[in-house]
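Residue-level structural notes
Okay, here's what each chain looks like letter by letter:
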Amino acid sequence: LAPLCDLLADHAPRSGRALEIASGTGQHVIGFAKRLPGLTWQPSDIDTARRASIGAHAAAADLPNIAPALPLDATQAGWSAEHGPFNLILLINLLHLISTEATKTLITEAARALAPGGTLILYGPFKRGGELTSPGDTRFDAELRAADPEIGYKDDLDMARWLSDAGLSPIDRAEMPANNLAFIARKPRP
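It should be emphasised that the depicted structure is a prediction, and the values quoted were computed from it without experimental measurement.

**Notes on the side chain of Asp137**
Here Asp137 shows up in helix α6 (residues 135–147). The buried charged residue Asp137 lacks any salt bridge, with Arg128 as its nearest oppositely charged partner at 5.3 Å. In this structure the side chain of Asp137 is engaged in a polar contact, spanning 3.3 Å, whose partner is the side chain of Thr133. The residues touching Asp137, leaving out its near neighbours within four places in the chain, are Leu132, Tyr153 and Asn179.

Below, the structure is given as structure tokens:
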């Protein structure tokens, strides 16, 4: 969690609304809300049990800057019209578990849901120039693709293009622990 909090401290806005897509159990959002108290955090997840877990963690942490979890499937077109604008949108460890088309939809919708000047941060395992960077990544990607040929690690070059196609710039990337990458993209101000 510390490397993610450090990443956010370096790249997130200091105030405004922050959406975490696919918050899972909710443990990350507690750390983020503590580290960046000027942001109002909006956790989300498609799974009812995970939203209940987020609620339990948030209640135990008793932080004033965490909203109740949204039932959000960010791979569905149109969600940006119902939610937002956000100054920060964060996604951790999901893109390798969804299809390329779902990834493109998520990026497009996230770009639309950002306020002008807002930041999108996507974190997880990625290929670099079409190559996997470790035996563990090669094995995991093969397992994912064997289970569903539509999913698996996305390539960093494709990611940069999809972010740009969604109207986001500049686009930065940061090397993270365990061969992960973070993409940091901003929605230009008019």
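Additional details are given in the paragraphs that follow.
**Side note on the layout of surface pockets**
Estimates place the volume of the largest pocket at around 180 Å³. In terms of lining, the largest pocket is formed by 13 residues, of which the most central are Ala22, Asp45, Ile46, Arg50 and Leu94.

**Quick word on the packing of helix α5 (residues 100–113) against helix α7 (residues 156–165)**
Any two packed helices are characterised by the angle at which their axes cross and by the distance between the axes. Between α5 and α7, whose axes approach to 9 Å, the crossing angle comes to 40°. Considering their axes alone, α5 and α7 lie oblique with respect to each other. In this structure, α5 meets α7 at a crossing whose hand is right-handed. Contacts between α5 and α7 involve Thr100, Thr103, Lys104 and Ile107 from the former and Met159, Trp162 and Leu163 from the latter. Across the contact of α5 with α7, the residue classes tally to 4 nonpolar, 2 polar and 1 charged.

**Points about the pattern of salt bridges**
If you walk through the whole model with that rule in mind, you get 10 salt bridges. One salt bridge in this structure joins Arg186 and Asp172, with 4.0 Å as the shortest N-O distance. Pair noted here: Arg186 is in strand β7 (residues 180–186) and Asp172 is in strand β6 (residues 171–176), with a separation of 14 residues, a long-range link. On the basis of relative accessibility, which here comes to 23%, the residue Arg186 falls in the partly exposed class.

**A word on the nonpolar core**
Among the nonpolar cores identified, the biggest contains 29 residues, and Trp79, Ile89 and Leu122 are the most heavily contacted of them. Among the elements that make up this core, the one with the highest residue count is α5 (6 residues). Those residues in contact with Ile89 that lie beyond four places of it in its chain are Leu19, Ile21, Trp79, Ala110, Ala113, Leu114, Thr119, Leu120 and Ile121.

**A look at the pairing of strand β3 (residues 86–92)**
Judged by how many residues are buried, β3 sits mostly within the fold: 6 of 7 residues are covered. Of the pairings in the sheet, the one linking β3 to strand β4 (residues 114–127) comprises 6 bridges and is parallel in character. Residue Ile89 lies in a different strand from β4, and its bridge partner there is Leu120. For the crossover that starts at β3, traverses α5 and ends in the parallel β4, the hand is right-handed.

**A look at the packing of aromatic side chains**
Two descriptors summarise a pair of aromatic rings, namely the distance from one centre to the other and the angle between the planes of the rings. Throughout the structure, instances matching the rule amount to 3 aromatic pairs. Measuring from centroid to centroid gives 5.5 Å for Phe32 and Trp41, while their planes differ by 35°, and the two rings are tilted. Taking the relative accessible area as the measure of exposure, Phe32 reaches 1% and is therefore buried. Owing to a relative accessible area of 0%, Trp41 belongs among the buried residues under this scheme. Geometrically, the ring pair formed by Phe140 and Tyr153 is edge-to-face, given 6.2 Å between the ring centres and 75° between the ring planes. On the criterion of sequence distance, the pair formed by Phe140 in helix α6 and Tyr153 in the loop between α6 and β5 (154–155) is long-range, its members being 13 residues apart.

Rules used throughout
Residues numbered from 1 in each chain as written. Predicted model: local features only at pLDDT ≥ 70, side-chain atom pairs only at ≥ 80, totals over all residues. Heavy atoms only, no water. Helix = DSSP H or I, 4+ residues; strand = E, 2+ residues; numbered from the N terminus. Buried < 20%, exposed > 50% of the residue type's maximum accessible area, 1.4 Å probe, protein only. Lys, Arg positive; Asp, Glu negative; His and termini not counted. Salt bridge = Lys/Arg side-chain N within 4 Å of Asp/Glu carboxyl O. Polar contact = N/O pair within 3.5 Å; in protein donor to acceptor, adjacent residues only side chain to side chain. Contact = heavy atoms within 4.5 Å. 1 Å grid on protein atoms, 1.4 Å probe; cavity = no way out; pocket = protein on both sides within 12 Å on 5 of 7 lines; lining within 4 Å. Points joined across faces, edges and corners; volume = space filled by probe spheres on them. Axes fitted to C-alpha atoms, helices over the stretch in contact; angles between N-to-C directions. Parallel < 35°, antiparallel > 145°, perpendicular 65-115°, else oblique. Left-handed = near helix turned anticlockwise from the far one by under 90°. Nonpolar A, V, L, I, M, F, W, Y, C, P; charged D, E, K, R; others polar. Core = buried A, V, L, I, M, F, W, Y, C linked by side-chain atoms within 4.5 Å. Pairing = 2+ DSSP bridges. Right-handed = clockwise from strand over helix to strand, strands pointing away. Phe/Tyr/Trp six-rings, centres within 6.5 Å; stacked < 30°, edge-to-face > 60°.

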